[in-house]
Structures are given as C-alpha cells and as structure tokens.
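Take a look at the letters that make up each chain.
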Amino acid sequence: MKVPFDQVPAHLRSTYAMIIRTFPERLPDEDYLPLLAVLAESMSQRAVAKTVALCGFDKSYIVVLNDVRGVLYQIPLIMTYVPIACVRST
C-alpha cells in the first residue's frame, strides 16, 4: 500500500514523488531492476529500498534491499564483459 506523501521521510520525498509520478499505477516488472540500478547510483542501498517499499508496489523493504544488492553485484560483471565483447567484434 502506497504511503501518503506527508508520511514519507523528508530526505526521500523528492525521489518518492518522482517514482510515483513515473509509475502512478504500478511498476512494470521490466522496469523494476533498472529503476533500482539508477537509484542506487546516487542513494544508499537502504534509502533505495525504503523509498521503493514506501511506493506500495507490493515489494517489502527487505525484498527490495536484497534486489538492490543483487543489481549492484551484477553491474561490475556487466561492465567487465561488455567492453570485451565489443573488442572482439571489431
């Protein structure tokens, strides 16, 4: 269940508002992990998890936190392999 804006901690309100404006009804599955990756670039893992959990997308804080950590674990692997594939194709 989505938390009313005035109950969101002040330091998370701008991000919360952005997410709710972007995904007013629901967060599509295909956008979930990319959203976590983008938010995690400038927020702590816990802040991302709390913000997304407050948005009411049927994801608990602990599930989102685990998913954020999974995304952050994958980013270095992706960045490692992409340049290698590009070098081999040229």
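All of these numbers come straight from a predicted model, not from anything done at the bench.

Visitor: Mind laying out the environment of Arg-69, listing which residues take part and the relevant values?
Guide: You can see Arg-69 is positioned in helix α4 (residues 61-89). Between the C-alpha atom of Arg-69 and that of Leu-36, which follows or precedes it by 33 residues, the distance is 9.3 Å.

Visitor: How would you explain unusual backbone geometry if you had to name every residue and give the values?
Guide: One non-glycine residue, Asp-58, lies in positive phi territory at about 60 degrees. Structurally, Asp-58 can be placed in the loop between α3 (45-54) and α4. Residue classification places Asp-58 among the exposed positions, given a relative accessible area of 75%.

Visitor: An account of α3 is needed here, citing residue identities and associated values.
Guide: Listed in full, the buried residues belonging to α3 are Ala-47, Val-48, Ala-49, Thr-51, Val-52 and Leu-54. The first or second residue beyond α3 is Gly-56, which carries a positive phi of 75 degrees.

Visitor: Could you give an account of the packing of helix α1 (residues 13-22) against α3, naming the residues involved and the relevant values?
Guide: Between two packed helices, what matters for the description is the angle formed by their axes and the separation of those axes. Direction vectors running N to C along α1 and α3 enclose 45 degrees, while the axes themselves pass 10 Å from each other. Judged by the inter-axis angle, α1 sits oblique to α3. Judged by the sense of rotation from one axis to the other, the crossing of α1 with α3 is right-handed. From α1, Thr-15, Tyr-16 and Ile-19 reach across to α3, where they touch Thr-51, Val-52 and Leu-54. A class-by-class count of the residues in the contact of α1 with α3 yields four nonpolar, two polar and no charged.

Conventions and cut-offs
- Residues numbered from 1 in each chain as written.
- Predicted model: local features only at pLDDT ≥ 70, side-chain atom pairs only at ≥ 80, totals over all residues.
- Heavy atoms only, no water.
- Helix = DSSP H or I, 4+ residues; strand = E, 2+ residues; numbered from the N terminus.
- Buried < 20%, exposed > 50% of the residue type's maximum accessible area, 1.4 Å probe, protein only.
- Axes fitted to C-alpha atoms, helices over the stretch in contact; angles between N-to-C directions.
- Parallel < 35°, antiparallel > 145°, perpendicular 65-115°, else oblique.
- Left-handed = near helix turned anticlockwise from the far one by under 90°.
- Contact = heavy atoms within 4.5 Å.
- Nonpolar A, V, L, I, M, F, W, Y, C, P; charged D, E, K, R; others polar.

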